[in-house]
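The lines below spell out each chain.
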Amino acid sequence: MAQKKAQWEKAIADANINDDEIREAKVAKENAENILDKTKDLNDQTISASDQAVDDAQDYKDAIEDYYNKVAAEEGASSSEAKSVYATFVSAQGKLNASKEDKKTGKENANLSETSAQNALDLAEARLKSSESKFLKASNDATVESARSAYETTLAELSKSTLVAPVNGIIT
């Protein structure tokens, strides 16, 4: 009898564990949604900053190039001033190329981080759906009902197996 009661109580506890899993799955889904939103916001900021860096590098290179052309026209391309400005122009071109490469890398990283965050959200949603499954709830309910029935059957059988003497006394 104690075993049947323990099985019934275990079935009830197991059914309640599913409720805990559902709560945990909901929290995991909300966290994944927040992470995805924050990832998208951060990626937008990073890409915007990369765009600005490329624009700034392009403007600087264009300004240096214009200045070089002016100095070369006025003093000659072989003048020390023109050579100095040309070195600055080459450096500006290198910075522009590096900015463009950083922008490309930033976009690739943004895509990877968003994909990762989206995958985490998809996984959390699937876990929640699984935890909320009507089949699982029905199965847990059936397990509890079966254990309750087995316990009650054991109690009924026990009451039928009790010996009652018709008179007071000792049976020998």
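Look up a bit, the structure's there.
Now for a description of the structure that goes with this document. Model, not experiment: these values are computed from the prediction.

A look at the overall build of the chain
Next, step 1: Across its full length, the chain carries 3 helices and 0 strands.
Next, step 2: Of the regular secondary structure in the chain, the N- to C-terminal order runs α-α-α.
Next, step 3: Looking at the chain as shown, the accessible area adds up to about 12200 Å², and 54% of this sits on carbon and sulfur atoms.

Observations regarding the environment of glutamine 93
Next, step 1: Looking at where glutamine 93 falls in the secondary structure, it is placed in helix α2 (residues 80-131).
Next, step 2: We classify glutamine 93 as partly exposed; its relative accessible area is 25%.
Next, step 3: Sequence-wise, glutamine 93 and lysine 61 are 32 residues apart; in three dimensions their C-alpha atoms are separated by 5.9 Å.

Some remarks on the packing of aromatic side chains
Next, step 1: Taken as a whole and assessed by the stated rule, the structure comprises 2 aromatic pairs.
Next, step 2: Ring geometry for tyrosine 68 and tyrosine 86: centres 5.3 Å apart, planes at 55°, overall tilted. Here tyrosine 86 lies in helix α2 and tyrosine 68 lies in helix α1 (residues 2-75), a separation of 18 residues in the sequence.
Next, step 3: You can call tyrosine 68 buried: its relative accessible area is 17%.
Next, step 4: The partly exposed category is assigned to tyrosine 86, whose relative accessible area is 41%.
Next, step 5: Ring geometry for tyrosine 86 against phenylalanine 89: centres 6.0 Å apart, planes inclined by 40°, an arrangement best described as tilted.

What to know about the nonpolar core
Next, step 1: The biggest cluster of nonpolar side chains holds 7 residues, and these are Ile64, Tyr68, Val71, Ala72, Ala82, Val85 and Phe89.
Next, step 2: Elements represented by at least two residues in this core include exactly α1 and α2.
Next, step 3: A total of 4 residues in this core trace back to one element, the largest contributor, which is α1.
Next, step 4: Beyond its immediate chain neighbours, meaning those up to four positions away, valine 71 contacts Gly76, Ser79, Glu81, Ala82 and Val85.
Next, step 5: If you look at the next biggest cluster of nonpolar residues, it comprises 5 residues, including Ala32, Leu36, Ala117 and Ala124.

Topic: the pattern of salt bridges
Next, step 1: For the coordinates displayed, the defined rule picks out 5 salt bridges.
Next, step 2: Its salt-bridge partner being lysine 103, residue aspartate 51 comes within 2.8 Å of it at the nearest N-O pair. Separated by 52 residues along the polypeptide, aspartate 51 in helix α1 and lysine 103 in helix α2 bring together distant segments of the chain.
Next, step 3: When its relative accessible area of 28% is taken as the criterion, aspartate 51 is described as partly exposed.
Next, step 4: Taking the shortest distance from any N to any O, the salt bridge between aspartate 62 and lysine 61 comes out at 3.7 Å.
Next, step 5: On the basis of relative accessibility, which here comes to 10%, the residue lysine 61 falls in the buried class.
Next, step 6: Counted as one network, the salt bridges with shared partners bring together Lys61, Asp62 and Glu65.

Rules of the game
- Residues numbered from 1 in each chain as written.
- Predicted model: local features only at pLDDT ≥ 70, side-chain atom pairs only at ≥ 80, totals over all residues.
- Heavy atoms only, no water.
- Helix = DSSP H or I, 4+ residues; strand = E, 2+ residues; numbered from the N terminus.
- Areas by Shrake-Rupley, 256 points an atom, 1.4 Å probe, with all protein chains shown as cover.
- Buried < 20%, exposed > 50% of the residue type's maximum accessible area, 1.4 Å probe, protein only.
- Phe/Tyr/Trp six-rings, centres within 6.5 Å; stacked < 30°, edge-to-face > 60°.
- Core = buried A, V, L, I, M, F, W, Y, C linked by side-chain atoms within 4.5 Å.
- Contact = heavy atoms within 4.5 Å.
- Salt bridge = Lys/Arg side-chain N within 4 Å of Asp/Glu carboxyl O.

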